[in-house]
Amino acid sequence: MEFLQTLFNEVIGFLGISQTLEILRSGDYSSFTTYDGIVSLIYPIIPLLLLLELILGLIYKKAQTKVYKVNFLIYIFNRFVGRFIAIAMVALCIGLFQQYAPFQTTMKWYWIVYGYVVWELGHFVYHYLGHKVRLFWCLHSTHHAPEDMNLSVTHAHFFLEAPYADTIRTTICILLGVHPELLFLIMFIDGTYGAFIHIGENLLKNGRLGFLNKIILTPSHHRVHHAKNPLYMDTNFCNLLNIWDRVFKTYQEEQHDIKIEYGITREMNSGNFMDVYFGEIVALAKDVWRAPGLANKFRYLVMPPGWSHTGEHKTAKVTRKAYLESL
Ligand SMILES: [Zn+2]
Ligand SMILES: [Zn+2]
């Protein structure tokens, strides 16, 4: 029975409905109008959409079984390991760096906007390095392995990626004066929206969200980010506000005539948990082992994926440039 209870708690936890259930049980429905009450109602939206998407996929017979299976295994694995390290890193960064901030934000609307812009900068830095530094790509590539897009991709992360991402994002925010209270609010919005942009074609065919596609980062932009088409590689690193993609010239809209091909360029089996999770680490270890000289071995760790000591680079930058020149 204990096993069933644990399983039940896990399902409730995944669906994010524990707080909602508590409020319903207490009978005090007015709590739904408080901040915690509103948050408790927003939390379950993405997990419920994920289930709806899965059911629709089964109805349409486009179930993307491979993606769901591997991402489910990843979710279970990370559930027990990754989350706690990430929370510890956030707490550590706040403790270390808050004293060096030149000022502190409050909860005024303009500070919320400021905080979000700073958060997006932190997100851009972590995400850009995740694509451009091979060692960090080992942490991030799990997220790019799925060859279909659906909400379960939200959970496809190597367990050390969250601690790595949160260390960079938290440090930048805290040093630039974002108060922890505001930081946690932003993390909640970012987490929810960051999950939503993985909504698949089964649930939302056109991810452009109409005129919003011109203003914010939409599922369409993030589909482009997950694509391995030469034009789309290494673009759209932001999460909600894509200002930094525009500033650093990594902004790319989905083209009507270029069908998105999801996944990464390496030969791999996206249905194999070990390959999805550890494949890039194995590939990097092999390259480092074979590289002549210590300097080359080191370069493999810090240069972008596709860099080669022979000079025959197959990086995203080279691939994209060659494609644009061939037009
Ligand atoms: Zn990415
Ligand atoms: Zn993604």
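This report concerns the structure included in the present document. (Residues numbered from 1 in each chain as written. Chains lettered and ligands numbered in written order. Predicted model: local features only at pLDDT ≥ 70, side-chain atom pairs only at ≥ 80, totals over all residues. Heavy atoms only, no water.)

### A short note on the overall build of the protein chain
For the record, the criterion: Put simply, DSSP H or I for four residues or longer makes a helix, DSSP E for two residues or longer makes a strand, and each gets a number counted from the N terminus. Exposure categories follow from relative accessible area, calculated using a 1.4 Å probe and restricted to protein chains: below 20% of the type maximum is buried, above 50% is exposed, and the middle band is partly exposed. Residue contacts are defined here by distance: any two heavy atoms, one from each residue, within 4.5 Å place the two residues in contact. Only the protein chains shown count as cover for residues, and all accessible areas are computed by the Shrake-Rupley method using a 1.4 Å probe. In this tally, Asp and Glu contribute negative charge and Lys and Arg positive charge; neither His nor the terminal groups of the chain are included. In plain terms, the charge of a residue is placed at NZ if it is Lys, CZ if Arg, CG if Asp and CD if Glu.
When helices and strands are counted, the protein chain shows 15 helices and zero strands. Based on the C-alpha atoms only, the size of the protein chain along its principal axes is roughly 70 × 55 × 45 Å. For the protein chain, the residues scored as buried account for 47% of the 327 residues in total. The long-range share in the protein chain, meaning contacts at least 24 apart out of those at least 6 apart in sequence, stands at 70%. Carbon and sulfur atoms make up 69% of the accessible area of the protein chain, which totals about 17200 Å². In the protein chain, 28 positive and 26 negative side-chain charges are present, and the distance between their average locations comes to 6 Å.

### Describing the packing of helix α8 (residues 134-144) against helix α13 (residues 273-290)
Heads up, the rule is: An axis is simply a line fitted to the C-alpha atoms; with a helix, the fit covers only the stretch in contact. Between two such axes, the angle follows the N-to-C directions and lies from 0 to 180 degrees. Orientation labels follow simple angle bins: below 35 degrees gives roughly parallel, above 145 gives roughly antiparallel, 65 to 115 gives roughly perpendicular, and whatever is left gives oblique. Handedness of a helix crossing follows the sense of rotation of the near helix relative to the far helix, less than a right angle counterclockwise being left-handed and clockwise being right-handed.
Remark: α8 packs on α13, axes separated minimally by 7 Å, with the N-to-C direction vectors making an angle of 160 degrees. In terms of axis orientation, α8 runs roughly antiparallel to α13. Crossing angle aside, the handedness with which α8 passes α13 is right-handed. Where α8 approaches α13, its residues R134, L135, W137, C138, S141 and T142 are matched on the opposing element by V276, Y277, E280, I281, A283, L284 and D287.

### Section: the state of the cysteines
We apply this condition: When two cysteine sulfur atoms are found within 2.5 Å, that pair is recorded as a disulfide.
Per the counting criterion, the structure on display carries zero disulfides. We note that C93 lacks a disulfide partner, and the nearest cysteine sulfur, in C173, lies 11 Å from it. When its relative accessible area of 4% is taken as the criterion, C93 is described as buried.

### A few points about the coordination of the zinc ion (ligand 1)
Inclusion rule: Distances up to 2.8 Å from the metal define which N, O and S atoms are donors, and 3.2 Å serves for Na, K and Ca; water is absent from the atom set, so sites may look incomplete.
Protein-derived ligands of the zinc ion (ligand 1) are H127 (NE2), H131 (NE2), H140 (NE2), H144 (NE2) and H225 (NE2), with the metal-ligand distances lying across 2.1 Å. Counting residues between consecutive donors of the zinc ion (ligand 1) along the chain gives the motif H-x3-H-x8-H-x3-H-x80-H. Separating the zinc ion (ligand 1) and the zinc ion (ligand 2) is a distance of 5.9 Å. Residue H140 and its partner H144 are located together in helix α8, separated by four residues, close to a single helical turn. Look at H140 and you get buried, because its relative accessible area is 1%. Overall, H144 belongs to the buried group, its relative accessible area being 2%.

### Quick look at the coordination of the zinc ion (ligand 2)
Think of it this way: four donors in a tetrahedron around the metal ideally sit 109.5 degrees apart, and six in an octahedron ideally sit 90 or 180 degrees apart. Convention followed: A site with four donors is called tetrahedral when every donor-metal-donor angle falls between 85 and 135 degrees; four donors are called square planar, and six octahedral, when opposite donors sit more than 155 degrees apart and all other angles fall between 65 and 115; any other arrangement is irregular.
The protein atoms donating to the zinc ion (ligand 2) are H143 (NE2), H198 (NE2), H222 (NE2) and H226 (NE2), with metal-donor distances spanning 2.0 to 2.1 Å. Around the zinc ion (ligand 2) sit four donor atoms; with metal-centred angles ranging over 92 to 159 degrees, the donor geometry is irregular. Counting residues between consecutive donors of the zinc ion (ligand 2) along the chain gives the motif H-x54-H-x23-H-x3-H.

### Overview of a nonpolar patch on the surface
Just so we agree on the cut-off: Residues enter a patch when their relative accessible area is above 30% and they make no salt bridge; the linking distance is 9 Å between like charges and 5 Å between nonpolar side chains (Val, Leu, Ile, Met, Phe, Trp, Tyr). Within this document, salt bridges are pairs made up of a side-chain nitrogen of Lys or Arg and a carboxyl oxygen of Asp or Glu, the two lying within 4 Å of each other.
Residues L48, L51, I55, I59 and Y60 make up a contiguous nonpolar surface patch of about 480 Å² in total accessible area. Of note, L51 is situated in helix α4 (residues 45-60).

### Structural notes on the pattern of salt bridges
Opposite charge on two side chains permits pairing when their charged atoms draw close. As enumerated under the stated definition, the model contains seven salt bridges in all. R169 is the partner of D166 in a salt bridge, and the nearest nitrogen-oxygen pair spans 2.9 Å. With D166 and R169 both in helix α9 (residues 161-175) and three residues apart, this pair spans about one turn of that helix. For D166, a relative accessible area of 13% corresponds to the buried category. Residue R169 is classed as buried on the basis of its relative accessible area, which comes to 10%. Notably, a salt bridge pairs E280 with R266, separated by 2.6 Å at the nearest N-O pair. Highlighted residues: E280 in helix α13 and R266 in the loop between α12 (243-247) and α13, separated in sequence by 14 residues.

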